[in-house]
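Fold and geometry: a report
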Amino acid sequence: MAKFKIQQTSSTVNWTGKKVLGLHTGSINIANGFIEMTDDTIVGGEIGIDMTSIVITDIEDKKTHDDFLAHLLNDDFFSVDKFKTAKLTITGSSKIESNKFKIDGNLTIKDISHPISFISSIEIFTTTLHSLGEVVIDRTLYNIRYGSGKFIDNLGDKLIYDDFVLQFKLVGQA
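My aim in this report is to walk through the structure given alongside it, one point at a time. Keep in mind it's a predicted model, so treat the numbers as computed, not measured.

1. A closer look at the overall build of the chain
A count of helical and extended segments in the chain gives one helix and nine strands. The order of α-helices and β-strands along the chain, N terminus first, is β-β-β-β-α-β-β-β-β-β. Here the C-alpha radius of gyration of the chain, 17 Å, is about what a compact globule of 174 residues would show, namely 16 Å. Seen along its three principal axes, the alpha-carbon backbone of the chain occupies a region of about 50 × 30 × 30 Å. Here the chain holds 174 residues, and the buried ones make up 43% of them. Taken as two groups, the 18 positive and 23 negative side-chain charges of the chain have centres that lie 2 Å from each other.

And the structure:
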């Protein structure tokens, strides 16, 4: 079995959240993690996300930016003062084609865990692992209900879609 330690400085996670009148984008840092492989198959792993590192990249106005960031960090969204990390625990995978895998695991946000699956490409160069992929997350599963049409009626153009997307590039070193 090969164990690849995630390199925080080379890895990136970008997020997109959509609402009726547009979208917001940003990034977040990986705190730590590893991916385990046996016979070219991902068998396990864990990726920790540093929730205190949320960055917004699409708002230039300082006050609007700071207000929105405070909003994401508070109890309307991620309650970062109480839950400083989120975690993906990889439970297994199945190969779709040569370098593409369906990854299965459990995602924990705000101490709430749910099963999750997503597609990722994985390439190994000697002792370095490169993984690219996208994860779609339904925030309402993690008690993040602010602006959700599932829980609040008549939001009109204030509606925020329940799904948000993480696009990631992971670099691991054996």
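2. Details of the packing of aromatic side chains
Scanning the entire structure with this criterion turns up four aromatic pairs. Ring centres of Phe-118 and Phe-168 lie 5.7 Å apart, and the angle between their planes is 85 degrees; this geometry places the pair in the edge-to-face category. Within this pair, whereas Phe-118 is found in strand E7 (residues 112-125), its partner Phe-168 is found in strand E9 (residues 160-173), the two being separated by 50 residues in sequence. Residue Phe-118 shares its accessibility class with Phe-168, and that shared class is buried. Among the aromatic residues, ring-to-ring pairing joins Phe-77, Phe-78, Tyr-146 and Phe-164 into one connected group. Geometry around Phe-34 places Lys-3 over its ring, the cationic atom sitting 4.3 Å from the centre.

3. Digging into the pattern of salt bridges
Inspection of every chain in the model, using the stated rule, returns seven salt bridges. Across the pair Asp-104 and Lys-102 runs a salt bridge whose closest N-O atoms are separated by 2.9 Å. Here Asp-104 falls in the partly exposed class, since its relative accessible area comes to 22%. Among the charged side chains, a salt-bridge network with shared partners connects Asp-138, Arg-139, Lys-150 and Asp-162.

4. What about the nonpolar core?
In terms of nonpolar packing, the biggest core is built from 41 residues, with Ile-35, Phe-78, Ile-109 and Ile-137 touching the most fellow members. With six residues, the single largest contributor to this core is strand E4 (residues 41-56).

5. What about the pairing of strand E3 (residues 22-38)?
Relative to E3, strand E1 (residues 2-6) runs antiparallel, the two being bridged by four bridges. Bridge assignment links Lys-5 to a residue of E3, and that residue is Phe-34. Where strand E2 (residues 12-19) hands over to E3, the hairpin turn is made up of two residues, counted between the paired strands. With 11 bridges connecting them, E3 and E4 associate as antiparallel partners. Looking across to E4, one finds that Asn-32 is bridged to Gly-48. The antiparallel pairing of E3 with E4 creates a hairpin that spans two residues between the two strands, and Asp-39 there sits at a positive phi of about 50 degrees.

6. Digging into the environment of Tyr-146
Of note, Tyr-146 is situated in the loop between strand E8 (128-138) and E9. Tyr-146 gets classed as partly exposed once you look at its relative accessible area, which sits at 37%. On a C-alpha basis, the gap between Tyr-146 and Phe-164 in space is 13 Å, while along the polypeptide they are 18 residues apart. When sequence neighbours within four positions are dropped, the list of residues in contact with Tyr-146 reads His-71, Asp-76, Phe-77, Arg-139 and Ile-160.

7. Considering the side chain of Ser-93
In this fold, Ser-93 is placed in strand E5 (residues 85-97). Of the polar contacts made by the side chain of Ser-93, one reaches the backbone oxygen of Ile-42; its length is 2.8 Å. When sequence neighbours within four positions are dropped, the list of residues in contact with Ser-93 reads Thr-41, Ile-42, Phe-101, Lys-102 and Ile-103.

Thresholds, definitions, all that
- Residues numbered from 1 in each chain as written.
- Predicted model: local features only at pLDDT ≥ 70, side-chain atom pairs only at ≥ 80, totals over all residues.
- Heavy atoms only, no water.
- Helix = DSSP H or I, 4+ residues; strand = E, 2+ residues; numbered from the N terminus.
- Rg over C-alpha atoms; globule rule 2.2 N^0.38 Å.
- Buried < 20%, exposed > 50% of the residue type's maximum accessible area, 1.4 Å probe, protein only.
- Lys, Arg positive; Asp, Glu negative; His and termini not counted.
- Charge placed at Lys NZ, Arg CZ, Asp CG, Glu CD.
- Phe/Tyr/Trp six-rings, centres within 6.5 Å; stacked < 30°, edge-to-face > 60°.
- Lys NZ or Arg CZ within 6 Å of the ring centre and 35° of its normal.
- Salt bridge = Lys/Arg side-chain N within 4 Å of Asp/Glu carboxyl O.
- Core = buried A, V, L, I, M, F, W, Y, C linked by side-chain atoms within 4.5 Å.
- Pairing = 2+ DSSP bridges.
- Contact = heavy atoms within 4.5 Å.
- Polar contact = N/O pair within 3.5 Å; in protein donor to acceptor, adjacent residues only side chain to side chain.

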